Amino acid sequence: MNILLIRFKCFIKIVNITTLVIRLYGVRKKRAPIKWPLLGSLVEVLWNYHRYNDWLVPYLQKASTMRVDLPAGLTYTYTVDPLNVEHILKNNFANYPKGDAFKENMHIFLGDGIFNADGEEWRRQRKTASFEFSSKILRDFSTVVFKEYTLNLAAILDNAATAHQAVDMQDLFMRMTLDAICKISFGVEMGSLAPSLPTIPFAKAFETTNEIVTARFVDPLWKLKRFLNVSSEATVLQSAKEIDDFVYNVIRTRRIELKELQQSQNDILKRKDLFTRFLLLNEEGTETYTDKNLRDTMLNFVIAGRDTTAVTLSWFVYMICSHPDVADKIHEELCAFEKEREKEEQANFNHSVGISLSEDTLSNFSHRVAKFSQHLTYESLLKLQYLHAAILETLRLYPAVPLDPKGVIADDLLPDGTKVKKGSLVVYVAYAMGRMTALWGADACDFKPERWLKDGVVQPESPFKFTAFQAGPRICLGKDSAMLQLKMATSILCRFFKFQVFPGFPVKFRQMSTLLLAGGLKVTVTKRMT
Ligand code: HEM
């Protein structure tokens, strides 16, 4: 009987201790992720990996800086505090490079391109690229390319609307931005937005590689997998080789083409793509570009400019689907803009900018679209302030790069008093920053383009608070080019189409370095006839 009583008491004690432990973890869980001996917070991190961005938000809402420990001494300090962000990205910039872990994880994809370079090597690449990106030649060329490919997209949507067929907007945007960035970078036609929507193996390999290298950041076993050449690491070797084969093939072909053009005394300066411009630097002796340098340079531009812009356009369409009032306001602004431009043209004695369209052809939908597109120039797009605000609002809530890790060279103290250790990683979380009530007010999570406007004009925001394009010396080099493409595409699409998410279609993220929608964005499209 005594033994039974003792056993019963022991059992109660164990139950009590277990409950206490569970409770303690429960309380801790509210403020920071659960931490286990040896494993750190790996269990919770892996459990929530599929919804990582949303998992971080409530923690960072409570404490604007949070530490997450993982096995093998990996430590991440996540922050949404603009002062910390300014310290990391600008004031103590030299202490927060991409870091060795980032370089090692991403090398198979980014090589030694600008995204993966630090110190002198980064400075050299940044200087050359900044010069090229700020050239008017590139801007004018990009305007033409962006318009041409948006018109291709509009034709596909026109057909889909007529046939009452649903379309995957993310897939179409990925095709459009791939075609555009490859034309601008390499000077080649990819043709992925051809009406048959062909499968482009390069695009598939690109997505696979991106996804696998991103997962390396929370996979302590990836090096072992690589050593054994199994699982995701075997796949990434294959997909990275496909990318390289494609890019080196383009480089070979373009080098031969350029030689032929030079021999035939053709004016190669007429070619305005970045590839030609970098090759000319080579010839002038300003830079030396091997095929590997060119592969890294151009591929980094493609990586930088393709997914980011496509993802932003996809979330933009999702936002106007879920906020039809915003879609209508944008449409109103575009109609007023169109009228104003037409009046200006008439005042200029009907001096039309491009092809002239007869009354007959004007009744045709595609000609109306083409006619409207003639009004769109770099300068005229600046007038569309509400559209601009809607794009910024999309980027605030759905920044294409949702979180951005940096290495730590030496122990440091962040402005909010958080200590960061040499060898760890700090991460500013753009996705969570857009949702912080402390930064944007109680309606932080609402989609409200109006928050950007004062007297109808977009107001600038600190880049350390609105971090979609990063900030400081490494601020996005393609920001202006991206805004140009975003405005060009959205103005044509919003002027002529209405979108609705396909009934029952689930909208969710795919966990990658860019904020892709898992399974795309299936929508139905209708034409706006007025
Ligand atoms: C909506 C579109 C875009 C967004 C949201 C965006 C955002 C960003 C962000 C967050 C970074 C920092 C990434 C890092 O730390 O590694 C970055 C860097 C960069 N972006 Fe963009 N980007 C966009 C479009 C473009 C385009 C179209 C180009 C041009 C091809 C471009 C070129 C670059 C380059 C070259 C860098 C590296 C800058 C450096 O490290 O010095 N981006 N961008």
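Source: prediction; values computed, not measured.

> Mind showing me how you'd approach unusual backbone geometry here?
Residues apart from glycine generally show negative phi values, whereas peptide bonds are mostly found in trans. At S231, a position not held by glycine, the phi torsion is positive, near 55°. Here S231 is to be found in helix α11 (residues 231-263). On the basis of relative accessibility, which here comes to 47%, the residue S231 falls in the partly exposed class. Backbone geometry places Q470, a non-glycine residue, at a positive phi of 60°. Here Q470 is to be found in the loop between β9 (457-458) and α21 (479-496).

> Teacher, can you tell me more about the side chain of D158 here?
Among the structural elements, D158 can be located in helix α7 (residues 136-162). Here D158 falls in the buried class, since its relative accessible area comes to 12%. Once residues within four sequence positions are removed from consideration, D158 is found in contact with F365, S366, F497 and K527.

> Honestly, the site of the ligand in this entry has me stumped. Any pointers?
The environment of the ligand is formed by 26 residues, the closest being K98, W122, R126, D404 and C476. W122 is positioned with one of its side-chain polar atoms (N or O) 2.7 Å from an oxygen atom of the ligand. Secondary structure elements with two or more residues in the shell around the ligand: α6 (119-133), α13 (291-322) and β4 (404-407). Here the residues of the shell around the ligand sort into 15 nonpolar, six polar and five charged.

> Looking at this structure, how should I read the nonpolar core?
Inside soluble globular proteins, nonpolar side chains tend to come together where they are buried. Among the nonpolar cores identified, the biggest contains 150 residues, and Y78, L157, M169, I330 and F499 are the most heavily contacted of them. A per-element tally of this core places α13 first, with 15 residues. Setting aside residues no more than four positions away along its own chain, F499 makes contact with L157, M169, V317, I320, C321, L493, V523, T524 and V525.

> Can you help me understand the sheet that holds strand β7 (residues 425-428) in this one?
Strands belonging to one sheet form pairs held by backbone hydrogen bonds; the direction of such a pair is parallel or antiparallel. Strand order in the open sheet formed by four strands is β1-β2-β7-β4, and the pairing between neighbours is mixed. Strands with a single pairing partner mark the edges of an open sheet, and in this sheet they are β1 (65-69) and β4. This sheet shows a mean twist of 25° between the axes of neighbouring strands, independent of strand direction. In the sheet, β4 pairs with β7 via four bridges, with the strands oriented antiparallel. Within β7, the position partnered with P405 by the bridge is V427.

> Whenever I open this one, the sheet that holds strand β10 (residues 497-501) confuses me. Can you help?
Taken together, the three strands give an open sheet; going across it, the order is β3-β11-β10, and neighbouring strands pair in antiparallel fashion. Each edge of the open sheet carries a strand with a single partner, namely β3 (167-168) and β10. Bridge analysis of β10 against strand β11 (residues 522-527) gives five bridges, and the strand direction is antiparallel. Directly across from F499, in β11, lies its bridge partner V525.

> What is the right way to look at the pairing of strand β2 (residues 75-79) in this model?
Both faces of the sheet carry side chains from a regular strand, because those side chains alternate between them. Of all five residues making up β2, five are buried, and the element is well covered by its neighbours. Strand direction decides the pairing type here: β1 and β2, joined by five bridges, are antiparallel. By the bridge assignment, R67 is partnered in β2 with T77. Between β1 and β2, which pair antiparallel one after the other, the connecting turn spans five residues, and A72 there sits at a positive phi close to 60°.

> Honestly, the pattern of salt bridges in this entry has me stumped. Any pointers?
Side-chain pairing between opposite charges can occur once the charged atoms of the two side chains come close. Counted by the stated rule, this structure contains 39 salt bridges. A salt bridge links E207 to R306; the nearest nitrogen and oxygen atoms lie 3.6 Å apart. Taken together, the residues E207 in helix α9 (residues 201-215) and R306 in helix α13 connect sequence positions 99 residues apart. On the basis of relative accessibility, which here comes to 18%, the residue E207 falls in the buried class. Look at R306 and you get buried, because its relative accessible area is 2%. Between R254 and E257 there is a salt bridge, with its nearest N and O atoms 3.2 Å apart.

> Is there a simple way to think about the packing of helix α8 (residues 169-185) against α21 in this case?
Viewed as axis vectors pointing N to C, α8 and α21 meet at an angle of 135°, and their least axial separation amounts to 13 Å. Between α8 and α21, the angle falls in the class oblique. Where α8 crosses over α21, the handedness of that crossing is right-handed. Mapping the contact onto sequence places M169, F173, M176, T177 and A180 in α8 and Q485, A489 and L493 in α21. By residue class, the composition of the contact of α8 with α21 is six nonpolar, two polar and no charged.

> It is not clear to me how a nonpolar patch on the surface should be interpreted in this structure. Could you clarify?
Among the surface-exposed residues, L221, L224, F227, L228 and V230 lie close enough to one another that they form a single nonpolar patch of about 520 Å² accessible area. By secondary structure assignment, the location of V230 is in the loop between α10 (222-228) and α11. Given the relative accessible area of 36%, V230 is considered partly exposed.

> How do you make sense of the packing of helix α18 (residues 385-397) against α21 when you look at a structure like this?
Each pair of packed helices can be summarised by the angle the axes make with each other and by the distance between the axes. Running from amino to carboxyl end, α18 crosses α21 at an angle of 115°, the nearest separation of the two axes being 10 Å. Considering the relative orientation of α18 and α21, their crossing is right-handed. Residue-level inspection shows L387, H388, I391, L392 and L395 of α18 in contact with α21, the latter providing M483, L486, K487, T490 and S491. Considered class by class, the residues forming the contact of α18 with α21 number six nonpolar, three polar and one charged.

> Sorry if this is basic, but what is going on with the packing of aromatic side chains here?
For any pair of aromatic rings, the description rests on two quantities: the centre-to-centre distance and the angle between the ring planes. Counted according to the given criterion, the structure contains 24 aromatic pairs. Here the aromatic rings of F365 and F496 are separated by 5.7 Å at their centres, their planes lie at 85°, and the arrangement is edge-to-face. With F365 in helix α16 (residues 365-373) and F496 in helix α21, this pair connects stretches of sequence that are 131 residues apart. Note on accessibility: F365 and F496 belong to one class, buried.

Scoring rules and cut-offs
Residues numbered from 1 in each chain as written. Predicted model: local features only at pLDDT ≥ 70, side-chain atom pairs only at ≥ 80, totals over all residues. Heavy atoms only, no water. Helix = DSSP H or I, 4+ residues; strand = E, 2+ residues; numbered from the N terminus. Buried < 20%, exposed > 50% of the residue type's maximum accessible area, 1.4 Å probe, protein only. Contact = heavy atoms within 4.5 Å. Near = heavy atom within 4 Å. Polar contact = N/O pair within 3.5 Å; in protein donor to acceptor, adjacent residues only side chain to side chain. Nonpolar A, V, L, I, M, F, W, Y, C, P; charged D, E, K, R; others polar. Core = buried A, V, L, I, M, F, W, Y, C linked by side-chain atoms within 4.5 Å. Pairing = 2+ DSSP bridges. Axes fitted to C-alpha atoms, helices over the stretch in contact; angles between N-to-C directions. Salt bridge = Lys/Arg side-chain N within 4 Å of Asp/Glu carboxyl O. Parallel < 35°, antiparallel > 145°, perpendicular 65-115°, else oblique. Left-handed = near helix turned anticlockwise from the far one by under 90°. Patch = residues over 30% accessible without salt bridge, like charges linked within 9 Å, V, L, I, M, F, W, Y side chains within 5 Å. Areas by Shrake-Rupley, 256 points an atom, 1.4 Å probe, with all protein chains shown as cover. Phe/Tyr/Trp six-rings, centres within 6.5 Å; stacked < 30°, edge-to-face > 60°.

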